[in-house]
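Understanding the architecture of this molecule
Below, each chain spelled out in residue letters.
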Amino acid sequence: MTTKAMTEVKTNKLTLVQAVTDGMRTMLSEHDDILVLGEDVGQNGGVFRATEGLVHEFGEDRIIDTPLAEAGIIGTSIGLAINGFRPIAEMQFLGFVYPAYEQIMTHASRIRSRTMSKFSVPMVIRAPYGGGIRAPEIHSDSVEALFTHMPGIKVVVPSNPYDAKGLLIAAIEDPDPVLFMEPMRSYRAFKSDVPEGKYTVEIGKAATLAEGDDVTVIAWGNMVSVAQKAVEEMTKQGVSCELLDLRTLYPLDRETIVASVKKTGRVVICHEAPETGGVGNDVMALINDEAFLYLRAPMSKVAGFDTPFPFFALEEEYLPTPSRVSHAIKEAVTF
Amino acid sequence: MTTKAMTEVKTNKLTLVQAVTDGMRTMLSEHDDILVLGEDVGQNGGVFRATEGLVHEFGEDRIIDTPLAEAGIIGTSIGLAINGFRPIAEMQFLGFVYPAYEQIMTHASRIRSRTMSKFSVPMVIRAPYGGGIRAPEIHSDSVEALFTHMPGIKVVVPSNPYDAKGLLIAAIEDPDPVLFMEPMRSYRAFKSDVPEGKYTVEIGKAATLAEGDDVTVIAWGNMVSVAQKAVEEMTKQGVSCELLDLRTLYPLDRETIVASVKKTGRVVICHEAPETGGVGNDVMALINDEAFLYLRAPMSKVAGFDTPFPFFALEEEYLPTPSRVSHAIKEAVTF
Amino acid sequence: MTEMENQFPIVQVMDGDGHIVDASYHLTESFIKEMYSKMLRARTLDKKSVNLQRQGRIGTYAPFEGQEAAQVGSASALEEGDWMFPTYRDHAATLTFGHSVSTIMLYWKGRVEGCVPPEGKNIFPPAVPIATQLPHATGAALAEKRKGTDRVAIAYFGDGATSEGDFHEGLNFASVFKAPVVFFNQNNGYAISVPIEKQMNSKTIAQKGLAYDMDAIRVDGNDVLAVYFETQKAIEKARNGEGPTLIEAVTWRYGAHTTADDPSKYRNQELSLEKRDKIDPLLRLERYMKKQGFWDDAWKDQVAKECDLEIEQAVEEMENFPEPDVNDLFDHVFKEPTWTIKKQKEAYLSQKRGETV
Amino acid sequence: MTEMENQFPIVQVMDGDGHIVDASYHLTESFIKEMYSKMLRARTLDKKSVNLQRQGRIGTYAPFEGQEAAQVGSASALEEGDWMFPTYRDHAATLTFGHSVSTIMLYWKGRVEGCVPPEGKNIFPPAVPIATQLPHATGAALAEKRKGTDRVAIAYFGDGATSEGDFHEGLNFASVFKAPVVFFNQNNGYAISVPIEKQMNSKTIAQKGLAYDMDAIRVDGNDVLAVYFETQKAIEKARNGEGPTLIEAVTWRYGAHTTADDPSKYRNQELSLEKRDKIDPLLRLERYMKKQGFWDDAWKDQVAKECDLEIEQAVEEMENFPEPDVNDLFDHVFKEPTWTIKKQKEAYLSQKRGETV
Ligand SMILES: Cc1ncc(C[n+]2csc(CCOP(=O)(O)OP(=O)(O)O)c2C)c(N)n1
Ligand SMILES: Cc1ncc(C[n+]2csc(CCOP(=O)(O)OP(=O)(O)O)c2C)c(N)n1
Ligand SMILES: [Mg+2]
Ligand SMILES: [Mg+2]
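Residues numbered from 1 in each chain as written. Chains lettered and ligands numbered in written order. Predicted model: local features only at pLDDT ≥ 70, side-chain atom pairs only at ≥ 80, totals over all residues. Heavy atoms only, no water.

1. Section: the relation of the copies chain B and chain A
With an RMSD of 0.0 Å, the fit of chain B onto chain A corresponds to turning through 180° and sliding 0.0 Å along the axis. Look at the turn and shift together and you get a two-fold axis relating the two. (Least-squares fit on C-alpha atoms with pLDDT ≥ 70 in both.)

Now the structure itself:
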């Protein structure tokens, strides 16, 4: 993992959402130019408590409850960003980013290029995403692909508390806009050691969670634990699996992905979003471009279906499961 | 081509944009439930004259100049569509669809599934798109991928006058929402024979514009003529090229694409949109899934760069050219 | 009071104590009892749903207790064939207009069947993305106008929703095209945790109608009579081709935003207790009925019993409802499934059947 | 006149004949001459640009002739360090506030360099997606407020832009946060072909401020004095922490929407001729100056000559500007290009160099 040395740094056991809060708190304490904006981020501390306590620590001037208007939040944040501030804008759920899409697509992501770097937008857009928590309609949408296809913005998705804090700090420090996707189902799934103070996890670097020779399994966000279960099961059955947690979806970690596939020759990609047009296809394209001759089987995907994310009574049918991933791994290695 | 027999039908030489008008006129005359809505579609006849004359023929009640608000246009059209009408909503340019993205993503495309088909949205969204006409910023965006990844909507792109009319009529008759992309640069590029009256070109079917054995070249919209020039050049140089005009981007024409690649073993895909996340990757994924063992070289793409569409002084550097496509064809056949 | 608060006084027919303050309406006992019964039915549903959520028998739920007068009063002014565009909190309205109790509960059980209205009832699924339903209501209303009927549409939305662009665009389209639509705002003071003072600088929502030269009115949203009669007037105007109206019903949400929310994080819940005492929609109607001699404990008990029974039966229906059908996931995306969906469905179902890992 | 037209009368300082109708301002000769010169400079640019487009020396162009008073008057009220958020039609404003003529022309020649303001001039690139710049202005203004300066932001936008959701959200945020921003609307009667009567049901744009309890005013947008002084008041208020103002400047676009547009398709161009006679911003100032004895043909000729010269030099500069650099396509997407962009750039450039096909 591409992280700083941690000798003698105190760590705390935190959940992913607590690590997000910790990341914001760390940066807010150090830099006055960082602001947090969004619906219910102040007094309420966010609907998932991601901004819990921040308004008391940093005041209403910096932790800002906005009116209920996503284009307004992003548009105003752009104005703040080009004029000296580093806004962290929360979209209450990624499925509610759509009204802000124009502001992100035509401005946040383009202002640097349309002004030859005279103006830039050092903004982080935080948004919980993904299924599995029995949420109402739209709340579970996993639309990272709408942003990986958008030139001028990076897309980051942690799967664990350590990465969440480190990537968030890296995103805040990034001079350009970053979409920071927070996997809701993993928000409180487990705790792990998170160092106090500032550290970063480099944007653009995947993590290799397991090494193996037979197949490369690729996942991100909520799907990492799903893939992990499948990998554990298949390892027991004698398949040597390499597991990559992408962590950044744009730009992809070319070296890690390509090196792994050159070794294994087989690929299974797992994501929540609908299969067609999903980021899985970007990964496949990269492998086609750079490791084609090493492929020993067609690449395969375990993804959401080309259907709207269903009402939650059917969400477990929609979401990739360890057994679907295992099935794909088996098919890959027996091809 | 999957079209109806044309014996004894009178034809007219029309440009692509005239064929679009003709398609609307044909359907408006036959069906009272069809309406046209958009900015400047009435008296002005559209900024590209696509709705020229329609307001005089069908009246302001059916050819409706709306306020300048894309979410309003789509949202209102949804209300009309669930209550007995078939709206044809014009987005003045595809790059201005972003404010309507929420309405399309969370409603137009989902209403059938979220009401178990109790309500449906038989709506066509027409939008000129693509570069090459020295238009100002945003006007040239080619964002088909934002819609192929959206479950519940079909995406159609004609490249010639005949297909434009036939596909538009098919889109109007489709019981579900269809995004109908109109390649601006091809609007008046040439005229061809367009039958009078009603006919359809089936949604989901590609056209094979040239048959060949060495390589499959795949394009749509404005890129068809670019690919065609490359194919002509390479044919002269002795490469046997098969050229597919996809015409529909969702759902892709599986049979035609797969059969062609099984024959040629080599693939060059050409599109205007940025490479990452583009529909080219969907085509590659399909081929990976269904014709992997037939591939004799990595699939290749000639696409827009991962940069915002540039200001027009640089657009010819950005847009794929015949020479770039030829280069890719050569690389594929000499791999 | 600000100028706008003066320009848009809160219309009451009956005050908090149940005194009639506007005597221009003819109020029959049966009508009053009907209103009371409908509100009680809605409240019974609401309380039951909160309990069901606590017991894990349904998912997150958005309670409307305190808003019964606004929803029941307005929905009662509609007629069969009119169109309703509710939010996730407007079950008293949809119930009154024709949804079944079990349908509403199924919605919160994560069942798509909870979006499907009975035949002939034009009730759209609850809008989850805030304010998106306003343009729909405009469009559906325009459709009726074009068909030459006198049907109208009503859109429900909250104070927070007024901040979204779709609010603005929906109202502007309606006013430009003179659509027969009523924009029914429930100003319950909060958008989740954000109080109206942070949502807008204006003191009223009604004044937002001025931007569109649209008729607007402020009513006491806890006075079922004011709500009913003012909505009826707006609907009548719409039916007569006189265009849209914006109604601001000033009300209060007693409880949490949803069962996942903790209101004590952002407001003093004492206020809700006070409001229960002073402006509760049912209590004040009860007070009025008592004054009028319309009240009868036996009648009330009987109504309450019927409501309980209906709700209990609905719970049973909901819980015995056929299991969700995985085919529904695939079969309603398009009228004819595309090959992509067919292929995914087949692959998934065959894997499911032969699941061995 | 409607109620709203009465409530928001069109403020004039000088009428169409050049009579002063509001004598409360001290008008010096040098100030008047400065205004005239700035307007003439802008008009010269505009006419030249239309010609350049006809000759194919620049691309499509959006002319502003007729709107010089609105743009020059308002921009003149700003001070160095303030922020300007213009549209594609606001070159008289950006010119006045510090853009060079050649920069403006480069923009229409499809050059990204046309978006880059001189050092120290806070001029944002023209907003092409309608109304998107309003929230930016709110944000930039809030930034100044947070920094504790007294700088303000001004956003330009048209009558058509008021229909977009971003108009609503931008104004609402500004009013809630009391941002030091001026929303400067040029109501030129048309959004491409759509007249204001189809754009909105309201007769004024100023009244839209009522929705936000925002100060709003209607000025004669062809009266450079009224525009200047009213904008100055709004800016002063903003600087003093009294929040945003919406200004509706009622004006008229003489010509086409852009050089690609044919206005005779949707309106009688006779009207523009009439307006040129009656309310032309330059002509009426000339009439006033003549009455005052400020006018002097030699001075006018001198100014005109200087303008012509400046514009001609700028045309030359534009045409001799270094060729577009293909590297710029790739090098400003991110501060540090990603490997994807590096790879694409290298592949493209090497292919270009060795191009043989
Ligand atoms: C576009 C969008 N953004 C955010 C949300 C999350 N959200 C759900 S309800 C709500 C508050 C709505 O407040 P209001 O309009 O006053 O209605 P109420 O809940 O009070 O009935 C928010 C922010 C959403 N559903 N849609
Ligand atoms: C979001 C968006 N939709 C559509 C357009 C196309 N368009 C460009 S200018 C214009 C009319 C704008 O009218 P108005 O706001 O009155 O400004 P004016 O052109 O009169 O200065 C339209 C529809 C656009 N640029 N952006
Ligand atoms: Mg509310
Ligand atoms: Mg205008």
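2. Description of helix α3 (residues 68-76) of chain D
Most of α3(D) is tucked away: nine of the nine residues are buried. D:Glu68, D:Ala69, D:Ala70, D:Gln71, D:Val72, D:Gly73, D:Ser74, D:Ala75 and D:Ser76 are the residues of α3(D) that are buried. (Buried < 20%, exposed > 50% of the residue type's maximum accessible area, 1.4 Å probe, protein only. Helix = DSSP H or I, 4+ residues; strand = E, 2+ residues; numbered from the N terminus.)

3. Points about the site of ligand 1
A:Glu70, C:Tyr88, C:Arg89, C:Val128 and C:Asp159 are the nearest of the 21 residues found near ligand 1. At the site occupied by ligand 1, the surrounding residues belong to chains A, B and C. Interatomic distance of 2.8 Å between a side-chain N/O atom of C:Asp159 and an oxygen atom of ligand 1. Alone, ligand 1 offers 580 Å² of accessible surface; in the complex the protein occludes 96% of this. Tallied by class, residues from the shell around ligand 1 come to 10 nonpolar, five polar and six charged. (Near = heavy atom within 4 Å. Polar contact = N/O pair within 3.5 Å; in protein donor to acceptor, adjacent residues only side chain to side chain. Areas by Shrake-Rupley, 256 points an atom, 1.4 Å probe, with all protein chains shown as cover. Nonpolar A, V, L, I, M, F, W, Y, C, P; charged D, E, K, R; others polar.)

4. Observations concerning the interface of chain D and chain A
If you look at the interface, chain D gives 42 residues, while chain A gives 46 residues. Both faces considered, chain D and chain A share a buried interface measuring about 3700 Å² in area, 67% of it formed by carbon and sulfur atoms. At the junction of chain D with chain A, the criterion picks out three salt bridges. The closest approach of N and O atoms between D:Lys343 and A:Glu290, which form a salt bridge, is 2.7 Å. Viewed at the interface, chain A and chain D are joined by 18 residue pairs in polar contact (both at pLDDT 80 or more). Listed by contribution, the elements that provide at least two residues to the side of chain D that touches chain A are β2 (83-85), α6 (133-147), α7 (165-177) and α14 (339-353) of chain D. (Contact = heavy atoms within 4.5 Å. Buried area = accessible area lost by both parts, 1.4 Å probe. Salt bridge = Lys/Arg side-chain N within 4 Å of Asp/Glu carboxyl O.)

5. Some details on the coordination of the magnesium ion (ligand 3)
Residues and elements named next belong to chain C. Around the magnesium ion (ligand 3), the donor atoms from the protein are Asp159 (OD), Asn188 (OD1) and Tyr190 (O), and they sit 2.1 Å away. Read from N- to C-terminus, the donor residues coordinating the magnesium ion (ligand 3) fall into the pattern D-x28-N-x1-Y. A residue pair is termed long-range when its members are at least 10 positions apart, and aspartate 159 in the loop between β4 (153-158) and α7 (165-176) and asparagine 188 in the loop between β5 (181-187) and β6 (190-191) qualify at 29 residues. Residue classification places aspartate 159 among the buried positions, given a relative accessible area of 1%. (Donors = N, O, S within 2.8 Å, 3.2 Å for Na, K, Ca; no water.)

6. Let's talk about the site of ligand 2
What surrounds ligand 2 is a group of 21 residues, the closest being B:Glu70, D:Tyr88, D:Arg89, D:Val128 and D:Gly160. Ligand 2 is flanked by residues contributed from chains A, B and D. Between B:Gln92 and ligand 2, the recorded distance is 3.5 Å, taken from a side-chain N or O atom to a nitrogen atom. Within the backbone of D:Ile130, a nitrogen or oxygen atom sits 3.1 Å from a nitrogen atom of ligand 2. Classifying every residue of the shell around ligand 2 by side-chain character gives 10 nonpolar, five polar and six charged.

7. Considerations on the packing of aromatic side chains
Inspection of the entire model under this criterion finds 66 aromatic pairs over all chains. Each ring, one from B:Phe48 and one from B:Tyr187, has its centre 5.1 Å from the other, and the planes form 55°; the classification is tilted. Here B:Phe48, found in the loop between β2 (34-38) and α2 (54-58), pairs with B:Tyr187, found in the loop between β7 (178-183) and β8 (192-195); they are 139 residues apart in sequence, far enough to count as distant. B:Phe48 gets classed as buried once you look at its relative accessible area, which sits at 15%. With relative accessibility at 2%, the residue B:Tyr187 sits in the buried group. Note on D:Tyr25 and D:Phe229: the rings are 3.9 Å apart at their centroids and 10° apart in plane angle, and the pair reads as stacked. Of this pair, D:Tyr25 sits in the loop between β1 (10-11) and α2 (29-54) while D:Phe229 sits in helix α9 (residues 224-239), and the two are 204 residues apart along the sequence. The buried category is assigned to D:Tyr25, whose relative accessible area is 18%. On the basis of relative accessible area, D:Phe229 is assigned to the buried category, the value being 9%. Taken together, the ring pairs connect A:Tyr98, A:Tyr101, A:Phe147, B:Tyr98, B:Tyr101 and B:Phe147 into an aromatic cluster. Seen from the ring of C:Tyr190, C:Arg267 lies directly overhead, with NZ or CZ sitting 4.9 Å from the centre. (Phe/Tyr/Trp six-rings, centres within 6.5 Å; stacked < 30°, edge-to-face > 60°. Lys NZ or Arg CZ within 6 Å of the ring centre and 35° of its normal.)

8. Considering the interface of chain B and chain A
Contacts between the two partners involve 46 residues from chain B and, on the opposite side, 46 residues from chain A. Taken together, the links from chain B to chain A amount to four salt bridges. Between B:Arg114 and A:Glu137 there is a salt bridge, with its nearest N and O atoms 2.4 Å apart. Across the chain B-chain A interface, the total number found is 16 residue pairs in polar contact (both at pLDDT 80 or more). Elements with a minimum of two residues in the side of chain B that touches chain A: α4 (101-108), α5 (111-114), α6 (145-148), β13 (267-274) and α10 (279-291) of chain B. Ranked by residues supplied to the side of chain B that touches chain A, first place goes to α10(B) with six residues. Along the lines of polarity and charge, the residues of the side of chain B that touches chain A split into 24 nonpolar, 11 polar and 11 charged.

9. Side note on the sheet that holds strand β12 (residues 248-250) of chain A
Sheet strands pair by backbone hydrogen bonding; their relative direction is either parallel or antiparallel. Residues and elements named next belong to chain A. Strand order in the open sheet formed by seven strands is β3-β2-β4-β5-β7-β6-β12, with mixed pairing between adjacent strands. The open sheet has two free edges, formed respectively by β3 (63-65) and β12, since each of these has just one partner strand. Across the sheet, the mean angle separating the axes of adjacent strands is 20° when strand polarity is ignored. As judged from the three bridges shared by strand β2 (residues 34-38) and β3, these two strands associate in the parallel manner. Across the sheet, residue leucine 37 finds its bridge partner in β3, namely isoleucine 64. (Pairing = 2+ DSSP bridges. Axes fitted to C-alpha atoms, helices over the stretch in contact; angles between N-to-C directions.)

10. A short note on the side chain of D:Lys237
Along the chain, D:Lys237 turns up in helix α9. Residues within four places of D:Lys237 in sequence aside, it is in contact with D:Asp215, D:Glu242, D:Gly243, D:Pro244 and D:Thr245.

11. Things to note about the domain arrangement of chain A
All names here are of chain A. Split into domains, chain A comes out as domain 1 (11-195) and domain 2 (207-333). Between domain 1 and domain 2, the C-alpha centre-to-centre distance is 26 Å. At the interface, 28 residues of domain 1 touch 25 residues of domain 2. Summing the contributions of domain 1 and of domain 2, the shared interface buries around 2100 Å²; its carbon and sulfur component is 52%. Considering only the surface of domain 1 that becomes buried against domain 2, Arg134, Thr148 and Arg185 emerge as the three largest contributors, covering 24% of it. Where domain 1 packs against domain 2, one counts one salt bridge. Ionic pairing is found between arginine 247 and aspartate 163, a salt bridge with its closest N-O pair at 3.1 Å. Counting only elements with at least two residues in the side of domain 1 that touches domain 2, the list comes to α6 (145-148), β6 (154-156) and α7 (161-173). The element best represented in the side of domain 1 that touches domain 2 is β6, accounting for three residues. (Domains from an automatic or database assignment.)

12. Quick word on the packing of helix α10 (residues 270-279) of chain C against helix α11 (residues 281-292) of chain C
All names here are of chain C. Following both chains from N to C, one finds α10 and α11 inclined at 25°, their axes separated by 6 Å at the closest point. On the basis of the axis angle, α10 is roughly parallel to α11. Where α10 crosses over α11, the handedness of that crossing is right-handed. Side by side, α10 and α11 meet where Arg276, Asp277, Lys278 and Ile279 of the first sit next to Pro281, Leu283, Arg284 and Arg287 of the second. Looking at side-chain class alone, the contact of α10 with α11 contains three nonpolar, no polar and five charged residues. (Parallel < 35°, antiparallel > 145°, perpendicular 65-115°, else oblique. Left-handed = near helix turned anticlockwise from the far one by under 90°.)

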